[in-house]
Amino acid sequence: MLESWELPALAAIALLAWGGYVSMRARERALEVARAACRRDGLQLLDETVECVKTWHARDEEGRFALRRTYRFEFSDTGNNRRAGSIVILGATVESLYLEPFLVQ
């Protein structure tokens, strides 16, 4: 028999695990998008990573609650500099990709 506190505790643990999984999937998606953009434009993705810099509540196109996350990353066009890029993801959908202006070779 479960104690009165065990079911809410298990639900809280499950909710935290689910939230961590969803956040990890969004970060992986942002990293895929950053890699693809750099590959497409002949750029070097620096540090092979993205950083979540902002998370806030929003509604998707169908009016459902979702989290909008902004990820930042750095890339190089010459190999000797750092330029900034960002990706905004709403739920599982990429809303925007920004690359700081860079030298086209």
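Scroll up a little and you will see the structure.
Reading guide: rules and limits
- Residues numbered from 1 in each chain as written.
- Predicted model: local features only at pLDDT ≥ 70, side-chain atom pairs only at ≥ 80, totals over all residues.
- Heavy atoms only, no water.
- Patch = residues over 30% accessible without salt bridge, like charges linked within 9 Å, V, L, I, M, F, W, Y side chains within 5 Å.
- Areas by Shrake-Rupley, 256 points an atom, 1.4 Å probe, with all protein chains shown as cover.
- Salt bridge = Lys/Arg side-chain N within 4 Å of Asp/Glu carboxyl O.
- Helix = DSSP H or I, 4+ residues; strand = E, 2+ residues; numbered from the N terminus.
- Buried < 20%, exposed > 50% of the residue type's maximum accessible area, 1.4 Å probe, protein only.

Asker: Give a detailed account of a nonpolar patch on the surface, specifying residues and quantitative values.
Answerer: Nonpolar side chains collect at one region of the surface, where L2, L7, L10 and I13 lie side by side and expose about 420 Å² of accessible area between them. One can find L7 in helix α1 (residues 6-41).

Asker: I'd love a proper account of the pattern of salt bridges, names of residues and values included.
Answerer: A side chain with one charge can pair with a side chain of the opposite charge if their charged atoms come near. Using the criterion set out here, one finds 12 salt bridges in the structure. With its nearest N and O atoms 3.4 Å apart, the salt bridge here joins R82 to D47. With a gap of 35 residues between them, R82 in the loop between β3 (65-76) and β4 (83-90) and D47 in the loop between β1 (44-45) and β2 (51-59) connect regions that are remote in the sequence. On the basis of relative accessibility, which here comes to 54%, the residue D47 falls in the exposed class. As a salt-bridge pair, R83 and D77 come within 3.3 Å of each other at their nearest N and O atoms.

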